[in-house]
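Examining the three-dimensional arrangement
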Amino acid sequence: MKKECIAMLLAGGQGSRLYALTSHIAKPAVPFGGKYRIIDFPLSNCVNSGIDTVGVLTQYRPMELNSYVGNGQPWDLDRLDGGVHILPPYVSSGEKGTWYKGTANAIYQNMGFIELYDPDYVLILSGDHIYKMNYADMLAHHKKEEAACTISVLEVTMEEATRFGIMNVDENDTIYEFEEKPAHPKSNLASMGIYIFTWSKLREYLMADEADEGSSNDFGKNIIPAMLAAGEKMTAYRFHGYWKDVGTIDSLWDANMDLLAPNGSVNLHDTDWPIYARPAGVPPQFMGESARVTHSLVTGGSSISGTVENSVLFHSVTVEEGATVRYSILMPGAVVKAGATVEYAILAEHAAVEEGARVGAPPGGDNWGIAVVAAGVTVGPGRTVPPKAMLTEDLKKEEK
Amino acid sequence: MNDLHGILFAYRSNPHLRELTQPRNTCSVPFGGRYRLIDFMLSNMVNAGITDIGLIVHESYQSLLDHVGSGKDWDLSRKHGGLRILPPFSFAEQNGEYRGALEALSSVSSYLQNIRQEYVILAGGDVIVNLPVSDVFQHHLDSGADITAVCTSRSTGSDPRETIYCTVGANGLITDAAVHPNQPEGCECLQIYIMSKSLLMSLVEHCASHGVTSFSRGVLQGMAHTLRISPYLFQGYAARTHSVRQYFEKSMDLLDPAVRADLFDPRLPIRTKDQSNPSTYYGPDAAAVDSLVADGCIIEGEVDHSILFRGVRVAKGAKVSHCVLMQGSYVGENSTLSYVIGDKNVRVRSNRTLMGHSTYPLAIPKNTEI
């Protein structure tokens, strides 16, 4: 059946700047904010905006993401007509299959899926941002401007502008130039990586781009510049609100900490724009006799008997009596045993910090950073993981 | 395991639960921070691979229907089978609630005829237990008994006058039952039974034509010598709540790690309706100890020895101890609550003091503002 607008979510990125956290899962499947995974934000935004057809383009380590998305039931995207669909690269008959060469090529390879719904517009999303946004408002802007492409932008400081793709616009917010990470930005409108295209136009440019052998088949590098050069109507849609790219260890840690500040992040208690997640099905959290938990988020299935400050704890975490956790993110199933200290650190799923061990340290020194313990990795009793370290193999108890 | 069909009885509203059953059926009484009583037996059945479950309801079942919905939170929203809600459909001549399980079953006899499995498990929807139903079924098949009755040697602590006790004879079979005696005698029966569909059908027919409405009186007592009724002795935690005080005590049992380990075995999860709550936030001055806290709460005051359901807010300076606060309730700044059961959406404004006692916890009805 025809749909006015469908969404295509680019979820194939390797997320290599998250290092150990994405060694076994795709970036959009990385846990976030106590209860969620990154992909919950764009998926919930879609369903809250009335978009009921979403293609999720996967490529890199897709198993966990596939089983997480499943049939889309947690997001109300289990539909007879539309719904959420995982789209891996595939082989057409008589041809040689290829991996997605770039973001634009990923969409090109799935034109057949898009055309099943004969949409007027296609919304392109990525799976590495934390924000709440009504795409219906953005689509209304796109239609009002009669644009070929609308790019959602965020006003950043001029200093930050050097780190983003910057849109230079006229007095009507029509884009006349796009600059990737300019040294001397002319505007402070940063692209959020969210695009709406009039499908007939995008289709044309995807075909042309695919035919160009020198192209890297990327939206930012190829499609947007080509459309600008051809004089297509491109408009900026200004977004006001919280938006954070969580593509690096530091930004992922920051974005989790933002949830602790009053009004510092997206409002997760707002029932008018809920963020849905696949439920873990765990009992309530238990606070032991000696628990001291302040300024922190704690999730079901956890058992806390130690001290927890300024931290985000996911489900089924254990913090034993005499253990201390500060300014840290403990992903599902992480364990901190008695007498251990975890500060300014990220413990991935089922990581364990044994008795008396130390992970991370408060800011200071030349080579300081967030310490990371990868999924399933154990820090043996009494061992130390220094700041900024990325522990990907067990640290065994030292022999005496 | 597709050979077992589940029937859950959810037709009673226990009047001794007073405020807690005013707006709802006993089976939909909230329990344990995020559950309703029905979740336990419903999950036990699903965990044993049961795909078809009939839920027999009679009165004030709106809250129960709202909770179970299509059954999708238990993976029971199925094209074929799944969860079926069974209101009375051949019971027009009677007023008041069903007088017993057999009367309830006979009023849904056309549903029973269409059961596609060979065996049926019958259970009350208000038992708080994590029962390995697969083991009970295996016991039933191995023992060759006509009926298996789940019993416990460990008292559930419920009032004997609300309880059924079984006497086990030398041959290991149940020889007699005491229904609602003054004193406990023998082992306590959890009123969970497995039998073949054909036996169930004939029992229902026989009892309907003889005016027998109660399963325990008609079958456990009346047929103990004609049928082979085998006890399955369950050793884990099991509880029922027949009064407000018992509800409070059973809630507080959950603060015991051994009880939680029994009830919340990760291999046999208790499922419930998902509400998409965020994690619970503990403020800079929060102090929560010895408590079970569900997701979606905002805790800025002190909480001790309490059970907090989803979305509860405890404001700064508030002190909550020995309380059960249900979904969405709110305790204002500097208010003090002890031995209080606050039903859903109870709002206690600032600077209030509410005290109950361990022998008489103060139950505040749903939506009350104080």
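Residues numbered from 1 in each chain as written. Chains lettered and ligands numbered in written order. Predicted model: local features only at pLDDT ≥ 70, side-chain atom pairs only at ≥ 80, totals over all residues. Heavy atoms only, no water.

**So, the overall build of chain B**
In terms of regular secondary structure, chain B is built from nine helices and 28 strands. For 370 residues, the compact-globule estimate of 2.2 N^0.38 gives 21 Å, and chain B sits close to it at 21 Å. Judged by the C-alpha coordinates and their principal axes, chain B covers about 65 × 45 × 40 Å. Here chain B, with 370 residues, has 59% of them falling under the buried criterion. Restricting to contacts in chain B with at least 6 residues of sequence separation, those with at least 24 account for 58%. For chain B, the centre of its 32 positive side-chain charges and the centre of its 37 negative side-chain charges are spaced 5 Å apart. (Helix = DSSP H or I, 4+ residues; strand = E, 2+ residues; numbered from the N terminus. Rg over C-alpha atoms; globule rule 2.2 N^0.38 Å. Buried < 20%, exposed > 50% of the residue type's maximum accessible area, 1.4 Å probe, protein only. Contact = heavy atoms within 4.5 Å. Lys, Arg positive; Asp, Glu negative; His and termini not counted. Charge placed at Lys NZ, Arg CZ, Asp CG, Glu CD.)

**So, the environment of B:L200**
Residues and elements named next belong to chain B. Along the chain, the position of L200 falls in helix α6 (residues 197–209). For L200, a relative accessible area of 1% gives the class buried. C-alpha separation for the pair L200 and G332, spaced 132 residues apart in sequence, amounts to 54 Å. Those residues in contact with L200, other than ones at most four positions away along the chain, are L105, L112, V120, L122 and M195.

**Description of the side chain of B:N277**
Tracing the backbone shows B:N277 in the loop between α9 (257–263) and β14 (280–282). For B:N277, the residues in contact, after removing those within four places along its chain, are A:K35, A:Y36, B:D295, B:G296, B:R310 and B:G311.

**Thoughts on the environment of B:S335**
Residues and elements named next belong to chain B. Within the secondary structure, S335 sits in the loop between β23 (330–331) and β24 (336–338). Note on S335: relative accessible area 0%, which makes it buried. Separated by 15 residues in the primary sequence, S335 and V320 place their C-alpha atoms 8.2 Å from one another. When neighbours within four sequence positions are excluded, S335 is seen to be in contact with G317, A318, K319, V348, R349, S350, N351 and R352.

**What to know about the nonpolar core**
Residues A:L330, A:I346, A:L347 and A:V359 are the most contacted members of the largest nonpolar core, which totals 125 residues. Counting residues per element, this core draws most heavily on helix α9 (residues 249–258) of chain A, at five residues. Ignoring sequence-local partners within four residues, the contact set of A:V359 consists of A:T341, A:V342, A:E343, A:A345, A:L347, A:V353, A:A371, A:V373, A:V379 and A:V385. Counting 40 residues, the second-largest nonpolar core is a separate cluster that includes B:V108, B:Y111, B:A149 and B:C207. (Core = buried A, V, L, I, M, F, W, Y, C linked by side-chain atoms within 4.5 Å.)

**What about the packing of helix α7 (residues 199–211) of chain A against helix α8 (residues 219–229) of chain A?**
Residues and elements named next belong to chain A. Where α7 contacts α8, the two axes come as close as 10 Å, and the packing angle between them is 115°. With respect to the hand of their crossing, α7 and α8 are arranged in right-handed fashion. On α8, the residues that touch K201, L202, Y205, L206 and D209 of α7 are F219, N222, I223, A226 and M227. Here the residues of the contact of α7 with α8 are counted per class, giving seven nonpolar, one polar and two charged. (Axes fitted to C-alpha atoms, helices over the stretch in contact; angles between N-to-C directions. Left-handed = near helix turned anticlockwise from the far one by under 90°. Nonpolar A, V, L, I, M, F, W, Y, C, P; charged D, E, K, R; others polar.)

**A closer look at the interface of chain A and chain B**
Taken together, the contact pairs 31 residues of chain A with 31 residues of chain B. Carbon and sulfur atoms supply 50% of the area buried between chain A and chain B, which totals about 2500 Å² over both sides. Interface area lost by chain A to chain B is led by A:H269, A:P284 and A:F286, which between them contribute 23%. The tally of links from chain A across to chain B stands at two salt bridges. (Buried area = accessible area lost by both parts, 1.4 Å probe. Salt bridge = Lys/Arg side-chain N within 4 Å of Asp/Glu carboxyl O.)

**Remarks on the pairing of strand β9 (residues 164–168) of chain B**
Residues and elements named next belong to chain B. Note: β9 against strand β10 (residues 174–179), five bridges, orientation antiparallel. Paired with V168 across the strands is I174, a residue of β10. A loop of five residues connects β9 with β10, the two strands running antiparallel in sequence, and G172 in this loop sits at a positive phi of about 80°. The sheet contact formed by β9 and strand β11 (residues 187–196) spans three bridges and is antiparallel. Opposite C166, over in β11, you have C187 as the bridge partner. (Pairing = 2+ DSSP bridges.)

**Describing the environment of A:Y242**
Residues and elements named next belong to chain A. With respect to the secondary-structure elements, Y242 resides in the loop between β12 (234–239) and β13 (243–245). With 55 residues separating them along the chain, Y242 and S187 place their C-alpha atoms 20 Å apart. Discounting residues that sit within four places of it in the chain, Y242 has contacts with I130, Y131, K132, A255, D258, G264, S265 and V266. Looking at Y242, its side chain comes within polar contact range of the side chain of D258, at 2.5 Å. (Polar contact = N/O pair within 3.5 Å; in protein donor to acceptor, adjacent residues only side chain to side chain.)

**With respect to the domain arrangement of chain B**
Residue and element names in this part refer to chain B. Split by domain assignment, chain B resolves into domain 1 (4–263) and domain 2 (281–364). The C-alpha centroid of domain 2 is placed 32 Å from the C-alpha centroid of domain 1. Between domain 1 and domain 2, the contact holds 20 residues from the first and 23 residues from the second. The largest contributions to the domain 1 side of the interface with domain 2 come from G33, F248 and L255, which together make up 32% of the buried area. At the junction of domain 1 and domain 2, the tally comes to one salt bridge. Between D343 and R24 there is a salt bridge whose closest N-O contact spans 2.9 Å. Between the two partners, domain 1 and domain 2, sit three residue pairs in polar contact (both at pLDDT 80 or more). (Domains from an automatic or database assignment.)

**Points about helix α8 (residues 244–253) of chain B**
α8(B) sits mainly inside the fold: seven of its ten residues count as buried. Every buried residue belonging to α8(B) is among B:V244, B:Q246, B:Y247, B:F248, B:K250, B:S251 and B:M252, and all of these are buried.

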